[in-house]
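Examining the three-dimensional arrangement
In case you want the letters, here they are:
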Amino acid sequence: MITRRMQSCLTALLLCWTLAACASLPDVKNLNTTLAPVARPNVITGKGALLNVNSRAALLNKRWAKSGMDLKTQAALEEAATGVPLIKGNKVTLLFDGPQTMAAMFRAISEAKNSINLETYIFDQDPLGLKFADMLIEKQQAGVTVNVIYDSVGTLGVPQAFFERMRAAGVHLVAFNPVNPAKLKGDDWKINNRDHRKVLIVDGKTAFTGGINISDTYAKSSLFRSKSKATDKKDVGWRDTHVKVEGPAVAAFQWLFIRTWAQQDQADLPDANYFPVLSEVGDKLVRVVASEPDGGFEIYKAYILAIQEAKKSIHITSAYFVPDQQTVDALVAAARRGVDVTVVLPGVSDSGLVFHAGHALYDQLLAGGIRIFHLKLAVLHAKTAVIDGAWSTVGSTNIDMRSFLHNSELNVIVLGDSFGREMENAFQEDLRDSEEITRAKWETRPISDRMKEWAARFMNYWL
């Protein structure tokens, strides 16, 4: 995500970026037919052991009543593509917008006894950011180990004194991929590679992730599911989605945090009980999928596979939607085989370049049978999808080249129709607050908008 606030700073860095060779996405046109899936996907239990063969078969042979997707096949293909097993026995709670999510995270931080690990793209010095920092300092001084990874471009406009204050209080901090290469501990300086994850892990038992940064932008609600509807965008906050995860899957979050820390910093993490014994606390089957630059494109492949395997519906909510041609082709192919492909996109945006670059694809998407809706009033920042009502994902990943090629991202995939129903209900609620963009309406847009789309499309790779 690149906001207006950062665009002026990043202009100076663009020359450095353009000197680097452009990376490319893998060929995934026929991914679902070229993989060699295992006979039975692996499922990890709360004790970290593989579920036995018979139990795996019983769990994965189950067909969810309203799902068109064969979840056993999907799980096997997804594991072959990502190398990540499923984890059973989790509780996953959907959280909407800043106030609800911040309240849940503040509650978890206040109850922390052992450790707090925070990884975030934006950590602003504003009223909400200061409150977050104060709570972290308070817990560190109370004997809880607090570790923070913040992205150095996402926090480009934040005074270093803000972070030094936390460091002086004992909080352990790492700036991800410093803008100044002299501050990098290592010799692999790639300014275009960013940490876009938003992860909070408390006591190794509770994890949060999704689209929400630490910023006063999230101090107000978007009035999602509210009976009162504002008429002025100044009265509403950003529309976003986060999840709270409890159970065995939290260990996967913790491992990914520690791996990122180790890659960025030569010092070991302070001692803490990062991996407590985790009991099964729910019935959700979860895959925690992370991706990073020069990696295996795990999240990209998971998205493409789910789209290719869809039988009934593909419902995507995306803040920054500038898909590559392979993703466009997969969505159009799904629509042509009778799948309901509907996307909810921003009607207003914090990033004009991304906004218009995404619009440049509308002609192709609409002609391919994809329905496009613009969320009204609130700035949309959520990154979610629900496919066939049974494959769901929430995370930090935008559907654009930046997320798939140059960002470290993290998404949670949840299999099953109970969570899928929650996701569908949220999607339908957003549809009610959106306006459909039909082909006829789109063809009447002003020439000035067409020119902006044409210009922005040349910047796709860097947005």
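What you see is a predicted model, and the numbers here were worked out from it, not measured in a lab.

**Structural notes on the nonpolar core**
General note: in soluble globular proteins, nonpolar side chains tend to be found buried as a group. Grouped together as the largest cluster of nonpolar side chains are 58 residues, with contacts concentrated most on Ile314, Ile370, Ile372 and Trp391. A per-element tally of this core places helix H9 (residues 298-309) first, with eight residues. Those residues within four positions of Trp391 in sequence are excluded, and the remaining contacts are Met69, Gln74, Glu78, Ala302, Tyr303, Ala306, Ala385, Val386, Ile413, Val414 and Leu415. The next biggest cluster of nonpolar side chains, apart from the first, holds 36 residues, and it includes Ile116, Met135, Leu136 and Val148.

**Here's the deal with the packing of helix H5 (residues 97-110) against helix H6 (residues 127-141)**
Direction vectors running N to C along H5 and H6 enclose 15°, while the axes themselves pass 10 Å from each other. When the axis of H5 is compared with that of H6, the two are roughly parallel. Taken as a pair, H5 and H6 cross one another with a handedness that is left-handed. In contact with Met102, Met105, Phe106, Ile109 and Ser110 of H5, H6 contributes Leu128, Lys131, Phe132, Met135, Leu136 and Lys139. Considered class by class, the residues forming the contact of H5 with H6 number eight nonpolar, one polar and two charged.

**Concerning H6**
In a regular helix each residue adds 1.5 Å, so 15 residues correspond to 21 Å; H6 covers 21 Å between its end C-alpha atoms and thus fits that length. Contacts made by the buried residues of H6 are with H5, strand E3 (115-120), strand E4 (145-151), helix H7 (160-168) and strand E5 (172-176). Gly143 sits one or two positions beyond H6 and adopts a positive phi of about 105°.

**Considering the side chain of Gln254**
Looking at the secondary structure, you find Gln254 in helix H8 (residues 250-264). Among the residues examined, Gln254 registers a relative accessible area of 0% and is labelled buried. Filtering out sequence-adjacent residues up to four positions away, Gln254 remains in contact with Ser115, Asn117, Ile201, Gly204, Tyr274 and Phe275.

**A closer look at the packing of aromatic side chains**
A full pass over the atoms with the stated rule returns 12 aromatic pairs. Among the aromatic residues, those joined into a ring-pair cluster are Phe106, Phe123, Phe132, Tyr150, Phe162 and Phe163. It is Arg239 that lies over the ring of Phe224; its NZ or CZ is 4.1 Å from the centre.

**Digging into the pattern of salt bridges**
Summed over all chains, the structure comprises 17 salt bridges. Asp417 serves as the salt-bridge partner of Arg421, at 3.5 Å between the closest nitrogen and oxygen. A residue pair is termed a helical-turn pair when its members lie 3 or 4 positions apart in one helix, as Arg421 and Asp417 do in helix H14 (residues 417-432) at four residues. Looking at Arg421, the relative accessible area reads 41%, which means it is partly exposed.

Reading the values: the criteria
- Residues numbered from 1 in each chain as written.
- Predicted model: local features only at pLDDT ≥ 70, side-chain atom pairs only at ≥ 80, totals over all residues.
- Heavy atoms only, no water.
- Core = buried A, V, L, I, M, F, W, Y, C linked by side-chain atoms within 4.5 Å.
- Buried < 20%, exposed > 50% of the residue type's maximum accessible area, 1.4 Å probe, protein only.
- Helix = DSSP H or I, 4+ residues; strand = E, 2+ residues; numbered from the N terminus.
- Contact = heavy atoms within 4.5 Å.
- Axes fitted to C-alpha atoms, helices over the stretch in contact; angles between N-to-C directions.
- Parallel < 35°, antiparallel > 145°, perpendicular 65-115°, else oblique.
- Left-handed = near helix turned anticlockwise from the far one by under 90°.
- Nonpolar A, V, L, I, M, F, W, Y, C, P; charged D, E, K, R; others polar.
- Expected span 1.5 Å × (residues − 1).
- Phe/Tyr/Trp six-rings, centres within 6.5 Å; stacked < 30°, edge-to-face > 60°.
- Lys NZ or Arg CZ within 6 Å of the ring centre and 35° of its normal.
- Salt bridge = Lys/Arg side-chain N within 4 Å of Asp/Glu carboxyl O.

Geometric values such as these leave the question of function open.
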